[in-house]
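The chain contents come next:
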Amino acid sequence: LAGVKGRLHVEHGRDSYDPDGTLLKYLLLRRFTFLFAQQVVGVSDDLCQWLIQRVGVPTHKVVKVTNGVDIHHFRPGETVQRGEKFTVGFVGRLWPIKSPATLVEAVAMWRLRNPQQPFCLQVVGDGPLRQELEALAQERGVAEDMEWLGWRQDVAEILPNWQALLLPSLAEGTPLTVLEAMSCGVPVIASKVGGLPAVVHHGKTGLLIPPADPAALAEAMDFYFHNPHLVHQHGLAGREWVVANHSLQGMVEFYEKFFSGIP
């Protein structure tokens, strides 16, 4: 109605109110809205299939464009500070869809297995669940094992110091934080949901676990703790995968092509 000639929708994922994308109200709203989009982008195969099969977007309108990251900015550190302390991390909003309470419960379980080992989970990000999570950490006796770093602009400097990135989400598209960690040479422990299995190759660039499963997350953390050589091996493989498949330039080229083709 406003005369905008180019109308593109990019579907990055779903929120906690509809993690499986099955609520009829939202399906109908999307179906109506997408009538006015010339192209609908899904950032993963999983999302593209959902757009076609569940939302009802015509196949010719749907295209997959995976997210890309700046591989020169997010790169393995020259002086990585991985010392005796086993350090893992999380980057994201403290919001139900990310299942952040799973992180706290997993740390408590890991600590029971390894009561004397130096350990830290660094949490980068903020959100409405932060106070609740800090209280849960106190209750579980692991407050000293967690660092709440809040919102940061220097994530590219923080990531390379971790032995693994943790992401126990209920649903995901192709999260940038995973690609950024892999680009930094850090293996990923993530939920087997959405587009994550297409990026995190189990046993090669990281480990896939059931969503919101603290026991599985603690076990995966323990795996990397007892196999430090695989931290390097999986991290290197992840870096190679992102460089080959998820560069920022490749993503930008698609969008430039779409907008330059608008009459």
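Note that the coordinates shown come from a computational prediction; the quantities given were computed from them, not determined experimentally.

Each value, and the rule that gives it
- Residues numbered from 1 in each chain as written.
- Predicted model: local features only at pLDDT ≥ 70, side-chain atom pairs only at ≥ 80, totals over all residues.
- Heavy atoms only, no water.
- Helix = DSSP H or I, 4+ residues; strand = E, 2+ residues; numbered from the N terminus.
- Rg over C-alpha atoms; globule rule 2.2 N^0.38 Å.
- Buried < 20%, exposed > 50% of the residue type's maximum accessible area, 1.4 Å probe, protein only.
- Contact = heavy atoms within 4.5 Å.
- Areas by Shrake-Rupley, 256 points an atom, 1.4 Å probe, with all protein chains shown as cover.
- Lys, Arg positive; Asp, Glu negative; His and termini not counted.
- Charge placed at Lys NZ, Arg CZ, Asp CG, Glu CD.
- Pairing = 2+ DSSP bridges.
- Axes fitted to C-alpha atoms, helices over the stretch in contact; angles between N-to-C directions.
- Salt bridge = Lys/Arg side-chain N within 4 Å of Asp/Glu carboxyl O.
- Right-handed = clockwise from strand over helix to strand, strands pointing away.
- 1 Å grid on protein atoms, 1.4 Å probe; cavity = no way out; pocket = protein on both sides within 12 Å on 5 of 7 lines; lining within 4 Å.
- Points joined across faces, edges and corners; volume = space filled by probe spheres on them.
- Nonpolar A, V, L, I, M, F, W, Y, C, P; charged D, E, K, R; others polar.
- Parallel < 35°, antiparallel > 145°, perpendicular 65-115°, else oblique.
- Polar contact = N/O pair within 3.5 Å; in protein donor to acceptor, adjacent residues only side chain to side chain.

Draft legend 1. A look at the overall build of the chain. Of the regular secondary structure elements, the chain holds nine helices and nine strands. For the chain, the C-alpha radius of gyration of 19 Å lies close to 18 Å, the compact-globule estimate for 263 residues. Taken over the C-alpha atoms alone, the chain extends approximately 65 × 40 × 30 Å along its principal axes. The 263 residues of the chain split such that 49% are buried. Pairs at least 24 apart in sequence give 71% of the contacts found in the chain among residues at least 6 apart. Accessible surface for the chain amounts to roughly 13100 Å². Of this, 55% is attributable to carbon and sulfur atoms. Each charge class in the chain can be summarised by its mean position, and for the 23 positive and 27 negative side chains these summaries are 9 Å apart.

Draft legend 2. Here's a closer look at the sheet that holds strand β4 (residues 86-91). One open sheet accounts for six strands, arranged β6-β5-β4-β7-β8-β9; its pairing is parallel. A single partner strand is all that each edge strand has here, and the edge strands are β6 (146-150) and β9 (206-209). Looking at each pair of strands side by side, their axes are set apart by 20° on average, direction ignored. Where strand β8 (residues 188-191) and β9 come together, four bridges link them in parallel fashion.

Draft legend 3. Quick look at the pattern of salt bridges. Under the defined criterion, the tally for this structure stands at 10 salt bridges. Residues R113 and D222 are paired through a salt bridge, measuring 3.3 Å at the closest nitrogen-oxygen approach. Here the residue R113 occupies a position in helix α3 (residues 101-113), and D222 occupies one in helix α7 (residues 214-226), the gap between them amounting to 109 residues. Several salt bridges share partner residues, and in doing so they unite E105, E139 and R140 into one network.

Draft legend 4. Region of interest: the pairing of strand β7 (residues 164-167). Residue alternation in β7 divides its side chains into two sets, A164 and L166 and L165 and L167, and both sets are buried. Bridging between β7 and β8 involves three bridges; their strand directions are parallel. For L165, the partnering residue across the bridge sits in β8 and is V188. Each parallel crossover has a hand, and the one from β7 via helix α6 (residues 176-183) to β8 is right-handed.

Draft legend 5. Molecular detail of the layout of surface pockets. By volume, the largest pocket amounts to about 240 Å³. Forming the walls of the largest pocket are 15 residues, and the residues nearest its centre are H12, K98, E172, P175 and L176. For the lining of the largest pocket, the residue count by class is five nonpolar, seven polar and three charged.

Draft legend 6. Region of the structure containing the packing of helix α1 (residues 24-33) against helix α2 (residues 45-55). Viewed as axis vectors pointing N to C, α1 and α2 meet at an angle of 100°, and their least axial separation amounts to 10 Å. The pairing of α1 with α2 is recorded here as roughly perpendicular in orientation. Of α2, the residues touching α1 (which contributes L27, R30 and R31) are W50, R54 and V55. Taken together, the residues of the contact of α1 with α2 break down into three nonpolar, no polar and three charged.

Draft legend 7. Spotlight on the environment of T205. Its location among the elements puts T205 in the loop between β8 and β9. A C-alpha to C-alpha distance of 26 Å links T205 and W148, two positions 57 residues apart in sequence. Discounting chain neighbours no more than four positions away, the residues touching T205 are M182, P187, V188, V199, V200, H234, A237 and G238. A polar side-chain atom of T205 sits 2.8 Å from the main-chain amide nitrogen of H201.

Draft legend 8. Structural detail: the environment of N227. Relative to the helices and strands, N227 resides in the loop between α7 and α8 (228-245). The sequence separation of N227 and V69 amounts to 158 residues, and the corresponding C-alpha distance is 28 Å. Here the side chain of N227 touches F223 through a polar contact of 2.7 Å, landing on its backbone oxygen.

Interpretation in functional terms is not warranted from these geometric data alone.
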